[in-house]
Structures are given as C-alpha cells and as structure tokens.
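# Structural description and commentary
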Amino acid sequence: MRLRNLKNTKTILEESCFLVKNPEDYKGNTDALFSKKQPLHIEIGMGKGDFIIQMAKKHPDINYIGIEKFDKVLARALIKIPSSLSNLKIYRYDAVNISSLFEHEVERIYLNFSDPWPKKRQEKRRLTSENFLKEYDFVFQKTKEIELKTDNVAFFLYSLETLSGHGYRLSKISLDYHKDLTIDTAVSEYEKKFLQKQVPICHVSAQK
Ligand SMILES: C[S@@+](CC[C@H](N)C(=O)[O-])C[C@H]1O[C@@H](n2cnc3c(N)ncnc32)[C@H](O)[C@@H]1O
C-alpha cells in the first residue's frame, strides 16, 4: 500500500499504539512497556520493519524494540504491525544516543544492512564503530550479542575488526550465509531486494 494513499506520516505516528512517544522515560524500566517480562532484543535502523515484525511473530517469548530515525520509513513499518502483537514496540530515535534509552537491559542487538558510510571521515556514523560499541556496552545486560547481516563486504570486514577489537567472540561468520549457514532469522526489505538480485549476504554473530 502506498503511503501517499494513506493518512499522512505525522498522523500515523501520532495514532500508533506501537510507537513509544517518550522512550527516554522507560530507561531502566523497559519491561513496563510489555505485558510480559522476558528477554529484550532490539533492531537498530529497522527501516520499514519487515525483519522485526516477523521476529516478534515467530518469538512471542521475546520482547522486541525496533529503532529508526526517519519518520517516513517508520510510518511504513507502523501500518504493517498486526494489532494483536503484544511483544513489539517501536522507538523513533537516533541510536547515536542509545544509552539514553536503555541501561543494562538489552540481550541482543540486530544490525541489518546498516548504512556502510564508506568514507573515512564518516566512520563515526557506522553502527559498528568504536563509539557505538561503547554505547552498546551500557545498554547491554550481562549477555551481550550482536547479530549482523550486510551485503557490503568492506563494512562487514570493518565490523569484524571493530567487534573483535572490542572483546567480542565471533561465530557464524560467512560471506554468503544463505549458502553456508542455517540460522534463526528473518528477511528484511533490503535483504529481499539483494536476494532477488542474487547478491551474497554476509553474516556474523558476536558475543561477549
Ligand atoms: C539501509 S537501511 C536498512 C533498513 C532495514 N534494516 C533493512 O535491512 O531493510 C538503514 C536504516 O537504518 C536507519 N539508521 C541509520 N542510522 C541510524 C541511527 N543512528 N539511528 C536510527 N536509525 C538509523 C536509516 O534511517 C535506514 O532506515
């Protein structure tokens, strides 16, 4: 369904019961957003939401929060969420300040097709740069897991380096995970497009 045929973006955002309007108020108390206290997994840069919606449907025993900074894509995600889904919430936020949202609460972060920001001067914006990894240390509880998928080999190799440099143990490393691995995952909008073009997708699981 085309967004321009729907109510405008602002109205969709205002009316959605999945969008948390004051996410900073739940820092340290994110459980209060959900009907059940259970592990919390988040996706940073969730785009139009296909991945996180599918994961929330597949795993009712996990609470999910999708984070996205752009209203238009957020609205596209919000209109797709089934009203019965009680283990998913959405934050409109720039993850550069993610430590204002969570304090030792998150068990897993998903990074799907993050913007690679290829120029050296853009490095700080990459979601696996040292400054982001330091922020993640604060949001994670004892168990820290990052699941990363990308089509961009340079960004993938960069991320392997920064993650291992930051103390993560790396596993399920593949430059073509659809060929090499069986993992519990879901397909995002970007992944769907790359699969149609037969572009190999890189994957890594990182734990510390
Ligand atoms: C290339 S798209 C991928 C979207 C989706 N994950 C997928 O796989 O289809 C990257 C998304 O991350 C969002 N994003 C990038 N940096 C972000 C940040 N610092 N905080 C929140 N969202 C961010 C962008 O707005 C964009 O929607």
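Residues numbered from 1 in each chain as written. Predicted model: local features only at pLDDT ≥ 70, side-chain atom pairs only at ≥ 80, totals over all residues.

Our focus in this paragraph is the overall build of the chain. Counting its secondary structure elements, the chain contains 7 helices and 7 strands. Each helix (α) and strand (β) of the chain, taken in turn from the N terminus, gives the series α-β-α-β-α-β-β-α-β-α-β-α-α-β. Overall, the chain is about 40 × 40 × 35 Å in size when its C-alpha atoms are taken along their principal axes. By residue count, 38% of the 208 residues in the chain fall in the buried class. A separation threshold of at least 6 residues defines the contact pool for the chain, and within that pool the share at least 24 residues apart is 74%. (Helix = DSSP H or I, 4+ residues; strand = E, 2+ residues; numbered from the N terminus. Buried ≥ 20, exposed ≤ 12 C-beta atoms within 10 Å, placed from the backbone. Contact = placed C-beta atoms within 7 Å.)

So, about the nonpolar core. One finds Ile52, Leu78 and Ile109 to be the most contacted residues of the largest nonpolar core, which totals 42 residues. Broken down by element, the residue count for this core peaks at 5 residues, all from helix α2 (residues 50–58). For isoleucine 109, the contacting residues outside a window of four places in its chain are Ile42, Ile44, Tyr136 and Ile146. (Core = buried A, V, L, I, M, F, W, Y, C linked by C-beta atoms within 7 Å.)

Once that is clear, we can look at helix α3 (residues 71–78). Listed as buried for α3 are Leu74, Ala75, Arg76, Ala77 and Leu78. Residues of α3 that are buried make contact with α1 (9–15), β2 (63–68) and β3 (88–92).

A few words on the site of the ligand. Not every one of the 20 residues close to the ligand is listed here, only the nearest: Gly45, Gly47, Ala95, Ser188 and Tyr190. When residues of the shell around the ligand are traced back to their parent elements, those giving at least two are β2 and α7 (189–196). Among the elements that take part in the shell around the ligand, α7 stands out by supplying 3 residues, more than any other. Tallied by class, the residues present in the shell around the ligand amount to 9 nonpolar, 5 polar and 6 charged. (Near = placed C-beta within 6 Å. Nonpolar A, V, L, I, M, F, W, Y, C, P; charged D, E, K, R; others polar.)

The pairing of strands in a sheet happens through backbone hydrogen bonds and is either parallel or antiparallel. Strands sit in the order β3-β2-β1-β4-β5-β7-β6 across an open sheet of 7 strands; the sheet is mixed. The open sheet has two edge strands, β3 and β6 (169–174), and neither has a second partner. Strand after strand, the sheet turns through a mean of 15° between neighbouring axes, direction not considered. Bridge count between strand β1 (residues 40–44) and β2: 5 bridges; the pairing is parallel. Bridging from a neighbouring strand, leucine 40 pairs with asparagine 63 of β2. (Pairing = 2+ DSSP bridges. Axes fitted to C-alpha atoms, helices over the stretch in contact; angles between N-to-C directions.)

Moving on, we get to the pairing of β2. Counted residue by residue, β2 has 6 buried out of 6 residues, so it is predominantly covered. Of the two faces of β2, the one lined by Asn63, Ile65 and Ile67 and the one lined by Tyr64, Gly66 and Glu68 are each fully buried. Bridge analysis of β2 against β3 gives 5 bridges, and the strand direction is parallel. The residue bridging isoleucine 67 from the neighbouring strand is tyrosine 91, located in β3. In this fold, β2 hands off to α3, which returns the chain to β3; that crossover is right-handed. (Right-handed = clockwise from strand over helix to strand, strands pointing away.)

So, about the pairing of strand β5 (residues 140–150). Here strand β4 (residues 106–112) pairs with β5 via 6 bridges, running parallel. Bridge assignment links isoleucine 109 to a residue of β5, and that residue is isoleucine 146. Crossover handedness for the path β4 to helix α4 (residues 130–139) to β5: right-handed. Summarising the sheet, β5 and strand β7 (residues 202–207) pair through 6 bridges and their orientation is antiparallel. Looking at β7, one finds that leucine 148 is bridged to valine 204.

Residue position: leucine 170 is located in strand β6. Those residues within four positions of leucine 170 in sequence are excluded, and the remaining contacts are Leu160, Leu163, Ser164, Val204 and Ala206.

Purely geometric numbers; function is a separate question.
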